[in-house]
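Commentary on secondary and tertiary structure
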Amino acid sequence: MFLYTVIIGVFATLSTGKINGIAKKNIWKIGLLFLWVLATIRSVSVGNDTREYMQIFYTIASQPFSPGGYRFETGYILLNYIIGTVAGHFFVLLFVINTIVYLTYAKFIQRYSSNGMLSLVIFVALGFWGSTVNVLRLQLAVAMILCMQMAYEDGKKTSAMLFGILGVLFHRISLLCWITICVPAKRNKKIPPVRLDFIAISQN
C-alpha cells in the first residue's frame, strides 16, 4: 500500500499540468514502463499465484506437450511449453506475458484516453496493476479482448475474431466478451464497448 500511495502521488502530481506540454503528453508512458519493470523483474514471492505458475511452468517444460491434466486453458499451457522449450526459464515467461499485456494497455490508453496520466493513476488505484502481478492468465485474456475490441471498431472483423479466440484459449471468462461481436449491429450500438472494468468480472 505504501508503494501504491507513492506511485499514485507522483503520477497525480505529474498530471496537474505543472510540466511542459511535451513531457505531460508522454510522461505516462514512462510511468507505465516503470510498472512493467515492477511486474516483470520480481521475486517469486510477489503475487498470490507466482510460485504455482512457476511450478506449472517447469512441469510443462519438462514433459511432452499435453493440454490435459492441468486446470489451465490450452493456450496458456501451450505458451508455457513453447517458452519452456525455447528459453527454459520462468522469468522469460513473465517477460513475454507482461510485455504483451502492457503494450496492449499502452495502445488502449493512447487510443481512448484524453489524459494518459489520469488513466495511469486509475490503473494503479483500482488494482489493475496488482492484477498484472497476480493473475497472468486473466491478464492475457484481457489483453486479447481489448485487442479484439479495437480491431472490431476498426472494421477488422477477422482479426477481432482471432483475438477473441485467443482470449478464450487463455481464460474461459473471455467468452462473455463475444457478445460485442455476436449482438446484431442495431442492438450493439446501445451496448457500451468493452473497457478496462472487464477485469472486475473475475480475479481468478
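Rules used in this analysis
Residues numbered from 1 in each chain as written. Predicted model: local features only at pLDDT ≥ 70, side-chain atom pairs only at ≥ 80, totals over all residues. Heavy atoms only, no water. Core = buried A, V, L, I, M, F, W, Y, C linked by side-chain atoms within 4.5 Å. Buried < 20%, exposed > 50% of the residue type's maximum accessible area, 1.4 Å probe, protein only. Helix = DSSP H or I, 4+ residues; strand = E, 2+ residues; numbered from the N terminus. Contact = heavy atoms within 4.5 Å. Salt bridge = Lys/Arg side-chain N within 4 Å of Asp/Glu carboxyl O.

1. Points about the nonpolar core
- Among the nonpolar cores identified, the biggest contains 44 residues, and Tyr 76, Phe 90, Leu 93, Ile 97, Tyr 102, Phe 123 and Trp 129 are the most heavily contacted of them.
- Among the secondary structure elements, those contributing two or more residues to this core are α2 (21-40), α3 (50-61), α4 (74-86), α5 (90-112), α6 (116-125), α7 (128-134) and α8 (136-153).
- The biggest single contributor to this core is α5, with nine residues.
- The contacts of Phe 90, once residues within four sequence positions are left out, are Val 44, Thr 50, Tyr 53, Met 54, Phe 57 and Tyr 58.
- With six residues, the next largest nonpolar core counts Met 148, Tyr 152, Ala 160 and Cys 177 among its residues.

2. Remarks on the environment of Ala 106
- With respect to the secondary-structure elements, Ala 106 resides in helix α5.
- Along the backbone, Ala 106 and Leu 120 are 14 residues apart, and their C-alpha atoms lie at a distance of 9.7 Å.
- Beyond its immediate sequence surroundings of up to four residues, Ala 106 is in contact with Trp 28 and Leu 32.

3. Focus on the pattern of salt bridges
- Counting across every chain of the model gives three salt bridges.
- Ionic pairing is found between Arg 111 and Glu 153, a salt bridge with its closest N-O pair at 3.8 Å. Separated by 42 residues along the polypeptide, Arg 111 in helix α5 and Glu 153 in helix α8 bring together distant segments of the chain.
- For Glu 153, a relative accessible area of 36% gives the class partly exposed.
- As a salt-bridge pair, Arg 111 and Asp 154 come within 2.7 Å of each other at their nearest N and O atoms. With Arg 111 in helix α5 and Asp 154 in the loop between α8 and α9 (157-170), the pair connects residues that are 43 residues apart, well separated along the chain.
- Salt bridges linked by common partners bring Arg 111, Glu 153 and Asp 154 together as one network.

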